[in-house]
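Here are the chains, one letter per residue:
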Amino acid sequence: MRGLLIGALLTLVAGLGGCTDASVRDADPGALTPAMGEQLRWTLDVINHRRPLPDDAELDDHFSTYLLERSPHGATQRLLRGYAKRLAPLTIDRVLGSDGAKTSFVADSRQGRVRVLLDLDGESGRLRGIFIDPYLDRSIEGLVELVPTLAPRAQLLLAEVVDGRCQPLAGVGGDEPLAIAEASRLYVLHAVADAIVDGDLRWDTPLTIRDAWKDAASSTMADATDGEALSIRAFAEAMMWRGDTTAADHLIRALGRERVEAAVRAAGTREPERDVPYLTSREAHHLQALDRAEVDRYLALEVDARRRYLEALSPEDAGDLDGVAAPVGSTPEGDLDRIGAFASARDVCDALGSLQRRAEGHPELAPILELLGEPGPQYRPFLARRPVWGWIGGTDGATDDIHSHARLLRREDGRWFAAILALNGGSFDADERRLLQAIEARLVDLLDEAPDAATATPLGSELKSGILADAGASRRRR
């Protein structure tokens, strides 16, 4: 079933970005800005009709310098050729949202329904990007049926955030803690916020890079010089914006793991003991590399003994339970729910809500929303919805067999919402990751329609009272 769904729903996703009446149905280009209408007509003409593709001079007329510096003429032509081959005929069905510079459309294509986002340069009116992603025209009930088919353990939650806590609107998968990978950085950020409120840290407090605290899986900070000092804010930015595990590990070390564990509890996590002791990324990677017998021995220890074991680790020595080098092997199958960071979709939602409430309640914590809200590729489907969503943020955690996606959004009416998707088990190739992005985008579409809590909900009245679907349904295997 999973393969059939993916085959039916997926299409090309690329880093880019006169039409006939057949190319535009309900979307009236006259209702758009003149520049957007012109670029829409040109884009459809190129994808549907133009052979050969436009030459360099014509590309200069329609694409901004910003884009062509990053994707030269030849690369842009190859991408347009790929669009034409995979999508034509592409027919715009309706406008999803627009803020003038960015407009999102639903379209029909050779590969099914897609979401088309045109991003224009505000000064020149030329294209800064053309983004085409899968589009799921499903109700919340349809998504509740789809999500459990994607992984052996799966959770979905749509919620309104009120006073820092999530009030579920719809969902599936229950409240069982799942592995969340680097989405656990929310708890580290929470601990930083608590330390700042307590007066123990400032955003500009310096923190020194230490080789002993580096994680090999890091993006950039693993290459920083031992002894170099950077601000807490710089470490937080690297952790949240680039997923830098060395930055996260330095913050955990500076705060103390007990303070992060306290943040897990303060955020409302229902089984906080699962994250005690709280592991750095380097420690988690070390434990995951041990054979099963050694992992069993570690997990059988009392909490204080586990803490002593972890503190004994050094970059040169595996530091096993007996004080001699631990045997190193492949990650044992089945350890996904034993080593790492764990939280349910509801827990992750409450962590976002707790951070949002702290950011709005303490002036010194205003940077939290900046750290959560830095635009990145994962927000691409939502950019054209800025008139509806005044602020969009969140975080992700992903490995080969873990996907945890968390979005926090403030609607134009001032209400806060969250969409959480968590999957454990199996593997996800590039096509399947695009499907996850399509699900996220559709969740946001549905939240556009969320009514006041006192009224009936179009999200599915049988789901309104909370996460009612049986958690066991999320464990079915593909």
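Check the entry above for the structure.
The paragraphs below set out a description of the structure included in this document. (Residues numbered from 1 in each chain as written. Predicted model: local features only at pLDDT ≥ 70, side-chain atom pairs only at ≥ 80, totals over all residues. Heavy atoms only, no water.)

**What about a negative patch on the surface?**
1) Next: Together, Asp55, Asp56, Asp60 and Asp61 give the surface a local cluster of negative charge.
2) Next: Here Asp60 lies in helix H3 (residues 56-62). (Patch = residues over 30% accessible without salt bridge, like charges linked within 9 Å, V, L, I, M, F, W, Y side chains within 5 Å. Areas by Shrake-Rupley, 256 points an atom, 1.4 Å probe, with all protein chains shown as cover. Salt bridge = Lys/Arg side-chain N within 4 Å of Asp/Glu carboxyl O. Lys, Arg positive; Asp, Glu negative; His and termini not counted. Charge placed at Lys NZ, Arg CZ, Asp CG, Glu CD. Helix = DSSP H or I, 4+ residues; strand = E, 2+ residues; numbered from the N terminus.)

**Focus: helix H10 (residues 257-266)**
Quick reminder: α-helices carry 3.6 residues per turn. Residues three or four places apart thus point the same way.
1) Next: Three or more residues of H10 are buried, namely Arg257, Val260, Glu261, Ala263 and Val264. Along the long axis of H10, the arc covered by the buried residues comes to 155°, so they all point the same way.
2) Next: Two residues or fewer past H10, Gly268 is found with a positive phi of approximately 95°. (Buried < 20%, exposed > 50% of the residue type's maximum accessible area, 1.4 Å probe, protein only. Arc of directions from axis to C-beta.)

**Some remarks on the environment of Pro272**
1) Next: In this fold, Pro272 is placed in the loop between H10 and helix H11 (281-288).
2) Next: Sequence separation of Pro272 and Ala343 is 71 residues, and the distance between their C-alpha atoms is 8.2 Å.
3) Next: When neighbours within four sequence positions are excluded, Pro272 is seen to be in contact with Val264 and Arg265. (Contact = heavy atoms within 4.5 Å.)

**Some details on the nonpolar core**
1) Next: Tyr187, Leu189, Trp203, Ile368 and Leu372 are the most contacted members of the largest nonpolar core, which totals 58 residues.
2) Next: It is helix H7 (residues 185-197) that contributes the most residues to this core, nine residues altogether.
3) Next: When near neighbours in sequence (up to four residues on either side) are disregarded, Trp203 contacts Leu189, Val192, Ile196, Ser231, Ile232, Arg233, Ala236, Glu364, Leu365, Pro367, Ile368 and Leu371.
4) Next: Val144, Leu146, Leu421 and Leu423 belong to the second largest nonpolar core, which has 30 residues in total. (Core = buried A, V, L, I, M, F, W, Y, C linked by side-chain atoms within 4.5 Å.)

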